[in-house]
Amino acid sequence: MLVTSCSGTAQVSPPEPATNTDPCADLMNSLPVSLVDQSMRETDPPSPLTAAWGDPPITIRCGVPDPDALTPAAQLYSVSGVDWFPEELTQGYVFTTYGRTTNVEVTVPDDYEPEISAVTELSALVAETIPRSPKR
């Protein structure tokens, strides 16, 4: 989850514990340099499982566990064949993939309303790089 931001780098905690990170390399190596018109930034601590764009930062983490709030009755958004579980934060949303072999989490501050736009831009890439889970 996003912690804070400072000049030049974005504070993004790597997933703990990271789960099934094998598919993450393809996703993270294919991320766009710009997302919702925001430039990519370095993350602190550096991690092959995190990335960020803009200030305040939009963040992505690959290999996160299932969200605690995810239930069988949860509402999901489907974008480009990828299901996303939204959780409202005090100042934005966190979206976590559902039904993939590896979970991807995207945190979008309110500054980028509608927050789903960032997820929309990333969904085709997630669909191409993170396989569907045979269990879901």
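Residues numbered from 1 in each chain as written. Predicted model: local features only at pLDDT ≥ 70, side-chain atom pairs only at ≥ 80, totals over all residues. Heavy atoms only, no water.

A. Up close: the overall build of the protein. Assigned secondary structure in the protein consists of 2 helices and 10 strands. The globule rule puts the C-alpha radius of gyration for 136 residues at 14 Å, and the 14 Å found for the protein is close to it. With the C-alpha coordinates of the protein rotated into their principal frame, the extents come out at 40 × 30 × 25 Å. Of all intrachain contacts in the protein linking residues separated by at least 6 positions in sequence, the fraction that spans at least 24 positions is 57%. Roughly 7000 Å² of accessible area belongs to the protein as shown, and the carbon and sulfur atoms make up 48% of that amount. (Helix = DSSP H or I, 4+ residues; strand = E, 2+ residues; numbered from the N terminus. Rg over C-alpha atoms; globule rule 2.2 N^0.38 Å. Contact = heavy atoms within 4.5 Å. Areas by Shrake-Rupley, 256 points an atom, 1.4 Å probe, with all protein chains shown as cover.)

B. Examining the side chain of S133 more closely. Structurally, S133 can be placed in the segment after α2 (116-129). Under the relative-accessibility criterion, S133 is labelled buried at 12%. If near-sequence neighbours (up to four positions away) are discounted, S133 is found in contact with G99, R100 and T101. (Buried < 20%, exposed > 50% of the residue type's maximum accessible area, 1.4 Å probe, protein only.)

C. The pattern of salt bridges, seen in detail. The final tally for this structure, using the stated rule, is 2 salt bridges. Put simply, R41 and D55 hold a salt bridge, and the shortest N to O gap is 3.7 Å. Placement of the pair is R41 in strand β4 (residues 38-44) and D55 in the loop between β5 (50-53) and β6 (58-64), with a sequence separation of 14 residues. Classification of R41 as buried rests on a relative accessible area of 14%. Among the residues examined, D55 registers a relative accessible area of 57% and is labelled exposed. Between E105 and R61 there is a salt bridge, with its nearest N and O atoms 2.7 Å apart. Taken together, the residues E105 in strand β10 (residues 103-109) and R61 in strand β6 connect sequence positions 44 residues apart. (Salt bridge = Lys/Arg side-chain N within 4 Å of Asp/Glu carboxyl O.)

D. Main features of the state of the cysteines. Within this structure, the stated rule accounts for 1 disulfide. A sulfur-sulfur distance of 2.1 Å marks the disulfide that ties C24 to C62. Taking the sign of the S-S torsion, about -85° here, the bridge from C24 to C62 comes out left-handed. Remark: C62 occurs in strand β6 and C24 occurs in helix α1 (residues 24-29); sequence separation between them is 38 residues. The same class applies to C24 and to C62, which are both buried. (Disulfide = S-S within 2.5 Å.)

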